[in-house]
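Working through the structure, step by step
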Amino acid sequence: MKKQNKFRHIYEHMRNAIVDGTYAYGTQLPSEHQLVDQYNVSRETVRKSLNMLVSDGMIQKIRGKGSVVIYQGVTEFPFADLVSFKEVQQERGKAHQTHLHVFEKIVARDVPTVQQALDLSADTRLWHIIRDRKIEGITKIIDEDYLLYDLFPDLTEDILLDSLYTYIEQTKGYEISFSSKSITFEPFGAAEYKVFGDVTPDYTATVRGIVHLKDTTKFQYNISKHLATEFRFVDFSRRQK
């Protein structure tokens with residue numbers, strides 16, 4: 001291990017151990033003295049590595065306790081593949097729950113932004129849906145959806161609490177193809193404080209997407225609000241088969 005790379009090697013090794021759960025949330029890391037012996041480096045090198053973990057939001061140095069893990073995992077939603085929340089969490093082996101807050105029928109003129117985005121007439125009927133997503137008991141995402149009512153007149157609460165995309169593809173027989181998305185970082189409003197609680201920073205990574213069927217029909221407008229500190233993305237979304 002080259003001298004100039006020692007601190008980075010230690011940083012990456014410990015960061016991987018935190019991400020994979022070897023050092024779980026709330027766990028105290030070995031002391032600086034123990035790390036010096038473990039890696040056979042100077043205390044200055046160890047401190048440099050720990051400071052990088054602090055900067056990454058992985059650990060917090062607490063007087064009298066040393067370095068404590070504060071990383072709780074990231075909600076990584078892959079934009080490269082257009083997948084449902086349920087599919088993402090099943091793939092990652094995470095315990096997840098969905099809570100339904102709003103399920104109502106409206107018309108497009110009630111939401112001009114959605115009417116314009118989906119190229120709808122004023123009288124087009126829509127489903128308006130708001131759900132929150134919990135991962136291992138902690139709310140991570142608020143999803144607000146607008147769907148073409150005439151395509152899914154038999155939509156139910158049970159379907160929304162399970163998997164909307166499974167219903168659309170397997171029950172209704174439609175093929176979901178691709179979506180276009182935009183991302184902004186926005187401060188909490190009253191609704192976000194109510195669902196997410198008093199967290200810092202009080203911002204969401206807000207993803208707005210228009211989802212298309214294979215025949216290019218725009219059938220869904222989605223507003224997905226993620227905790228800003230727990231969000232990563234890749235790129236253009238296409239539904240994989």
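Parameters and conventions
Residues numbered from 1 in each chain as written. Predicted model: local features only at pLDDT ≥ 70, side-chain atom pairs only at ≥ 80, totals over all residues. Heavy atoms only, no water. Helix = DSSP H or I, 4+ residues; strand = E, 2+ residues; numbered from the N terminus. Polar contact = N/O pair within 3.5 Å; in protein donor to acceptor, adjacent residues only side chain to side chain. Axes fitted to C-alpha atoms, helices over the stretch in contact; angles between N-to-C directions. Parallel < 35°, antiparallel > 145°, perpendicular 65-115°, else oblique. Left-handed = near helix turned anticlockwise from the far one by under 90°. Contact = heavy atoms within 4.5 Å. Nonpolar A, V, L, I, M, F, W, Y, C, P; charged D, E, K, R; others polar. Core = buried A, V, L, I, M, F, W, Y, C linked by side-chain atoms within 4.5 Å. Buried < 20%, exposed > 50% of the residue type's maximum accessible area, 1.4 Å probe, protein only. Pairing = 2+ DSSP bridges. Phe/Tyr/Trp six-rings, centres within 6.5 Å; stacked < 30°, edge-to-face > 60°. Lys NZ or Arg CZ within 6 Å of the ring centre and 35° of its normal.

- In the nomenclature of an unreviewed UniProt entry, the protein is known as Trehalose operon repressor of Staphylococcus rostri.

Brief notes about the environment of Asp 20
- By the element assignment, Asp 20 lies in the loop between α1 (6-19) and α2 (32-39).
- Within the local environment of Asp 20, its side chain forms a polar contact with the side chain of Thr 22, the two groups lying 2.6 Å apart.

What about the packing of α1 against helix α3 (residues 43-55)?
- Contact geometry of α1 with α3 gives a least axis separation of 8 Å together with a crossing angle of 45 degrees. As the angle between them shows, α1 and α3 are arranged oblique. Of the two elements, α1 crosses α3, and the hand of that crossing is right-handed. Facing α1, whose interface residues are Lys 6, Phe 7, Arg 8, Ile 10, Tyr 11, Met 14 and Arg 15, α3 presents Thr 45, Lys 48, Ser 49, Leu 50, Met 52 and Leu 53.
- Here the residues of the contact of α1 with α3 sort into seven nonpolar, two polar and four charged.

Some thoughts on the nonpolar core
- In this structure, Phe 152, Leu 155 and Phe 219 are the most contacted members of the largest nonpolar core, which totals 30 residues.
- The element best represented in this core is helix α7 (residues 164-171), accounting for four residues.
- Among residues more than four places away in sequence, those in contact with Phe 219 are Tyr 146, Leu 147, Leu 148, Leu 151, Phe 152, Ile 168, Ile 176, Val 211, His 212 and Leu 213.
- Counting 20 residues, the second-largest nonpolar core is a separate cluster that includes Phe 7, Tyr 23, Val 36 and Leu 50.

Re the pairing of strand β1 (residues 59-62)
- Where β1 lies against strand β2 (residues 66-69), four bridges are found, and the strand directions are antiparallel. The residue bridging Ile 62 from the neighbouring strand is Gly 66, located in β2.
- Hairpin geometry of β1 and β2 is characterised by an intervening segment of three residues between the two adjacent antiparallel strands and by a positive phi of about 90 degrees at Gly 64.

So, unusual backbone geometry
- The phi torsion at Asn 40 lies on the positive side, around 55 degrees, for a residue other than glycine.
- If you trace the backbone, Asn 40 turns up in the loop between α2 and α3.
- The backbone of Asp 119 shows a phi angle near 60 degrees, a positive value even though the residue is not glycine.
- Examined against the element boundaries, Asp 119 turns out to sit in the loop between α5 (112-117) and β5 (125-135).

Details of the packing of aromatic side chains
- A full pass over the atoms with the stated rule returns eight aromatic pairs.
- With a centroid separation of 5.7 Å and an interplanar angle of 85 degrees, the aromatic rings of Phe 152 and Tyr 174 are classed as edge-to-face. Here Phe 152, found in the loop between β6 (138-148) and α6 (157-162), pairs with Tyr 174, found in the loop between α7 and β7 (176-187); they are 22 residues apart in sequence, far enough to count as distant.
- Between Phe 152 and Phe 219 the ring centres are 6.1 Å apart and the planes differ by 70 degrees, which places this aromatic pair in the edge-to-face class. One end of the pair, Phe 152, is in the loop between β6 and α6; the other, Phe 219, is in strand β9 (residues 218-227), and 67 residues separate them in sequence. Each of the two residues, Phe 152 as well as Phe 219, counts as buried.
- The rings of Phe 152, Tyr 167, Tyr 174 and Phe 219 are connected pair by pair, giving a single aromatic cluster.
- In this arrangement the basic side chain of Lys 48 is found over the ring face of Phe 7, its NZ or CZ atom lying 4.0 Å from the centre.
- Against the face of Tyr 149 rests Lys 105, its NZ or CZ located 4.8 Å from the ring centre.

Remarks on the packing of α2 against α3
- One can describe the packing of α2 onto α3 by two numbers: an axis separation of 9 Å at closest approach and a directional angle of 110 degrees. Of the possible angle classes, the one that applies to α2 and α3 is roughly perpendicular. On the side of α2, the interface is formed by Glu 32, His 33, Leu 35 and Val 36, while α3 contributes Arg 43, Val 46, Arg 47 and Leu 50.
- Split by residue class, the contact of α2 with α3 holds four nonpolar, one polar and three charged.

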